[in-house]
Amino acid sequence: MDHIAGRARTSLPGLPGILQQRAAGPRRTAFRFLADGTSDEAVDWTYHDVYEHAGRIAADLLERELSGRRVVLALDPGLHYIAALFGIFRAGATAVPSFPPTGKRAVARFASIVVDSTPDVIIADRRLEGRVAQFAAELPDTVRPPEWLFVDDAYFGGPAPATAVPDAVSDPALLQYTSGSTGDPKGIVLTHENLVSNCRALEHNMGYEADRVGCTWLPPYHDMGLMGTIMLAVHGGWPLVLMSPAHFVQQPYRWLKAITDHKVTISVGPNFAFDMCTSSITDDELETLDLGTLRQVFCGSEPVSRVTLDKFRERFGPRGYDETSLIPCYGLAEATLYVSGKPTGTPLRTERLDKEALENGVVRRSEGDGRDAEPGRVAHVVSCGTVADGHEVTVVDPDTLLPVPAGRVGEIWVNGPNVAHGYLGRPGLTAATFTARTADGGEGTHLRTGDLGFLLDGELFITGRLKDLVVIAGRNLYPQDIELSVRQAHEKVRGCAAFSVPGEQGEELVVAAEYRGTARQLAAEGAAVLDAVIAAVTAEHGVRPAAVHFGPVGAIPMTTSGKVRRDATRKAYVQGTLKKLALAADDMPQAVR
Ligand code: 649
């Protein structure tokens, strides 16, 4: 950690100190965990409980002299996870948030995190004790096997010896793995200063509210669940209702019911969560909901779709949901979390832009009132609000590295105290990503986000990702727009990825789609689905897909936070390993491969 040694210490307390202060105050609920996803099995912990339980972990780690070392958190989402996190902080160690290594995919990803982060200890649930030998056998010989610390209710019930609370805010606190590929794990080094700065930037956006209550089902091993909800709640001193991501995914209704039951004022979810609620909540369930207490609902982590928000408002407006509370926001783990968001209390802003101009990197408002405009001519881009307090966004041409003029699309570069210190053990990549400089000799260094967007009237709009851009015949197509058209083209299409492959006449567009049905059903109605997909893409984007690949649900590789992995999909497609629904050769028309 040479690159951060010697930085000036600030006088701000870090999160361990803030938790200690709250624990010393009156006994108030810090976390309410809905163990079965409903209010029937709610377990409350006060700040004092969290502090005491964290002390137990800290004592164990200190006994092993793990201050300054790395500790992997492999617990299920829940209260123990939070106790262990603050325990690691209290021991002065660096937390590596992860998940239990159960299931083939999770084991592979977990192993890659362990290999890259070389922890001394892994904290896991005692129920995993019997399975650890098997996991250890999967690690390469070059890795020193970490020790395991198994915990359960009885463990936390034991005495917690008093240990000091560290206050070195410029020390590394956390190693955040991005949810990218398993083969290339990148651990982002975050200091306690980063964590506190992120909370302060978000609080600046949120303002103060006396009766704030939060609710989250987001995974605690991702930036949005960890830095965005758990840490923010401790920093701000308001209670947080939690449930596991699995309970939400099984039944999205549980999220909105928890908001109703606990009079929640602030919550958060990626765009897909809003879609899941709209499409899965029944009329009977709807009757039981009251969303009138919500004053802030953050929506970020993937493109925010105007269509999704409209449908959500139509369905839940009658149950008290007020769209003014919706906060489209943008961020990334390399900037701890938060980069921009709609200022609290302001209306949602969507720009209707000329799509063709946008494909050429030019921001131009679309003519007409929109009702009669052809679908393919207009891009509806939702504003992700103003840039976080104390931060700066520069939009840069990724080729010339010059800031773009106003009204142009470019790569989003960020600078400010939320920006992390780099990737563990990757000096080259760290320098290229975290200390970029513009070619005009402009001051300071920036984080290159790899995201494309533009600034308009001081607001940030995200249009796509640099490396996912599909460039066909000189046009820049945004894959997420094409994917939206594909998903809306036919009800049987679920996940989908759009990318390009080299063809005889340059790059060609390929659409890979998950079909909700059997191979036999696809054989029967495939031509209709295919026609619908091709017609939608051609009409809305002016490009005819050269191939449409149909696979079963689950065929398209996703990150653990639910983002489409276009590059991995493209690779699998090219190598012929992308799962497909088996079809007799003459069942389907030519364009289907
Ligand atoms: C993005 C995280 C943005 C992410 C969230 C503020 C209870 C309830 C609520 C609460 C507190 C308690 O995806 C998060 C800010 C939450 C406040 C909650 O308050 N990180 S990532 O590293 O996994 O991925 C980053 C990438 O995701 C894409 C970009 O490609 C980015 O590089 N992304 C977006 N793409 C399009 N539009 C957006 N708005 C995007 N945001 C992230």
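Not measured: the values here are computed from a predicted model.

Novice: It is not clear to me how empty space enclosed by the protein should be interpreted in this structure. Could you clarify?
Specialist: It is a probe the size of a water molecule, rolled over the atoms, that shows where empty space is left. Applying the stated criterion to the full structure yields 3 cavities of 30 Å³ or more. Empty space within the largest cavity amounts to approximately 70 Å³. Those elements that place two or more of their residues in the lining of the largest cavity are α4 (104–117) and β7 (172–177). When its residues are assigned to classes, the lining of the largest cavity shows 5 nonpolar, 5 polar and 1 charged. Surrounding the second largest cavity, Phe33, Pro77, Gly78, Tyr81, Thr216, Leu218, Pro220, Ile230, Leu242 and Met243 form its lining. Looking at the lining of the second largest cavity, its residues break down into 8 nonpolar, 2 polar and no charged.

Novice: How should I be thinking about the sheet that holds strand β19 (residues 410–415) in this particular structure?
Specialist: The strands making up a sheet associate through hydrogen bonds between their backbones, and the pairing can be parallel or antiparallel. Strand order in the open sheet made by the 4 strands is β18-β19-β20-β21, with antiparallel pairing throughout. Of all the strands in the sheet, just β18 (392–396) and β21 (459–465) have a single pairing partner and so form its edges. Each strand axis lies, on average, 50° off the axis of its neighbour in the sheet, ignoring direction. Taken together, the 5 bridges between β18 and β19 define a ladder with antiparallel strand orientation. Among the inter-strand pairings, valine 393 is bridged to a residue of β19, identified as valine 414.

Novice: When you look at the side chain of aspartate 468 in this model, what are you seeing that I'm missing?
Specialist: In this fold, aspartate 468 is placed in the loop between β21 and β22 (470–472). For aspartate 468, a relative accessible area of 12% gives the class buried. A distance of 2.6 Å separates the side chain of aspartate 468 from the side chain of arginine 566, its partner in a polar contact. If we skip the residues at most four places from it in the chain, aspartate 468 touches Pro479 and Arg566.

Novice: Any chance you could explain the confidence of the model for the protein here in plain terms?
Specialist: In regions of low pLDDT, the predicted coordinates are not meant to be interpreted in detail. Confidence in the prediction for the protein averages 91 pLDDT; 94% of positions are at 70 or higher. Across residues 584–593, where pLDDT falls below 50, the model places 21 contacts with residues more than four positions away in sequence or in other chains. Here the prediction assigns the complex a pTM of 0.90, and the interface score ipTM is 0.99.

Novice: Where do I start with the site of the ligand in this structure?
Specialist: Contacts to the ligand come from 28 residues, most closely from Asp223, Cys329, Ala333, Asp451 and Lys563. Alanine 333 is positioned such that a nitrogen or oxygen atom in its backbone is 2.9 Å from an oxygen atom of the ligand. Aspartate 451 is positioned with one of its side-chain polar atoms (N or O) 2.6 Å from an oxygen atom of the ligand. Out of a free accessible area of 880 Å², the ligand has 94% covered by protein chains. Taken together, the elements giving at least two residues each to the shell around the ligand come down to α8 (223–236), β11 (266–269), β13 (326–331) and β21. Among the residues making up the shell around the ligand, the classes are represented as 18 nonpolar, 5 polar and 5 charged.

Novice: Got a minute to help me understand the UniProt feature "domain: AMP-binding enzyme C-terminal" (unreviewed entry) in the protein in this structure?
Specialist: The UniProt record marks residues 468–580 with the feature "domain: AMP-binding enzyme C-terminal" (unreviewed entry), using the residue numbering of this structure. The span residues 468–580 carries 39% helix and 29% strand; its end-to-end C-alpha distance comes to 22 Å.

Novice: Honestly, the packing of helix α11 (residues 271–280) against helix α13 (residues 306–316) in this entry has me stumped. Any pointers?
Specialist: Each pair of packed helices can be summarised by the angle the axes make with each other and by the distance between the axes. Across the interface, α11 lies against α13 with an axial gap of 9 Å and an inter-helix angle of 40°. Taken together, the axes of α11 and α13 are oblique relative to one another. For the pair α11 and α13, the crossing hand works out as left-handed. Two secondary-structure elements touch here, α11 through Asn271, Phe274, Asp275, Cys277 and Thr278 and α13 through Thr308, Lys311, Phe312, Arg315 and Phe316. Tallied by class, residues from the contact of α11 with α13 come to 4 nonpolar, 3 polar and 3 charged.

Novice: Sorry if this is basic, but what is going on with the sheet that holds strand β26 (residues 547–552) here?
Specialist: If you walk across this open sheet you meet the 3 strands as β24-β25-β26, and the pairing is mixed. Every interior strand has two partners, whereas the edge strands, β24 (493–503) and β26, have only one. Neighbour-to-neighbour, the strand axes of the sheet open up by a mean angle of 25°, direction not taken into account. Sheet topology places β24 next to strand β25 (residues 506–515); 9 bridges connect them, and they run antiparallel. Bridge pairing links valine 501 to glutamate 508 in β25. Sitting on the sheet, helix α16 (residues 479–489) touches β24 and β25, and the angle it makes with β24 is about 135°. Contacts from helix α18 (residues 566–575) reach β24, β25 and β26, with the element oriented near 65° to β24.

The rules we used
Sequence order as written defines the numbering, with residues in each chain counted from 1. Residues qualify for local features only when their pLDDT is at least 70, as the model is predicted, and side-chain atom pairs are given and counted only at 80 or more; totals for whole chains, interfaces and linings, by contrast, use all residues. In computing side-chain values, all of the structure's heavy atoms are included and hydrogens and water are not. Here the term cavity refers to a set of points on a 1 Å grid, laid over the protein atoms alone, in which a 1.4 Å probe fits but cannot get out; the term pocket refers to an open set having protein on both sides within 12 Å along at least five of seven lines, with lining residues being those that place an atom within 4 Å of a point. Grid points are joined across faces, edges and corners, and a volume is the space filled by probe spheres set on the points. Strands are runs of DSSP state E lasting at least two residues, helices are runs of H or I lasting at least four, and both sets are numbered from the N terminus onward. In this classification, Asp, Glu, Lys and Arg are treated as charged, Ala, Val, Leu, Ile, Met, Phe, Trp, Tyr, Cys and Pro as nonpolar, and every other residue, Gly included, as polar. By this definition, two strands are paired if DSSP reports at least two bridges between them. Each axis is a line fitted through C-alpha atoms, taken for helices only over the stretch in contact, and angles between the N-to-C directions span 0 to 180 degrees. Buried means the residue's accessible area, taken with a 1.4 Å probe over protein chains only, is under 20% of the maximum for its type, while exposed means over 50%, and partly exposed covers the values in between. Polar contact criterion, stated in full: a pair of N or O atoms within 3.5 Å, where within protein one must be able to donate a hydrogen and the other to accept it, and residues adjacent in sequence count only if both atoms are side-chain atoms. Note on contacts: a residue pair qualifies if any of its non-hydrogen atoms lie within 4.5 Å across the two residues. Values of pLDDT, the confidence the predictor places in each residue, fall between 0 and 100. Proximity criterion: a residue is near a molecule or strand once any of its heavy atoms comes within 4 Å of it. The method behind every accessible area is Shrake-Rupley, applied with a 1.4 Å probe, and residues are considered shielded solely by the protein chains displayed. UniProt positions are given in the numbering used here, feature names are shortened, and annotations may be inferred rather than shown by experiment. In this scheme, roughly parallel covers angles under 35 degrees and roughly antiparallel covers those over 145, while 65 to 115 is roughly perpendicular and the rest are oblique. Handedness of a crossing follows from how the near helix is turned relative to the far one, being left-handed for an anticlockwise turn of less than a right angle and right-handed for a clockwise one.

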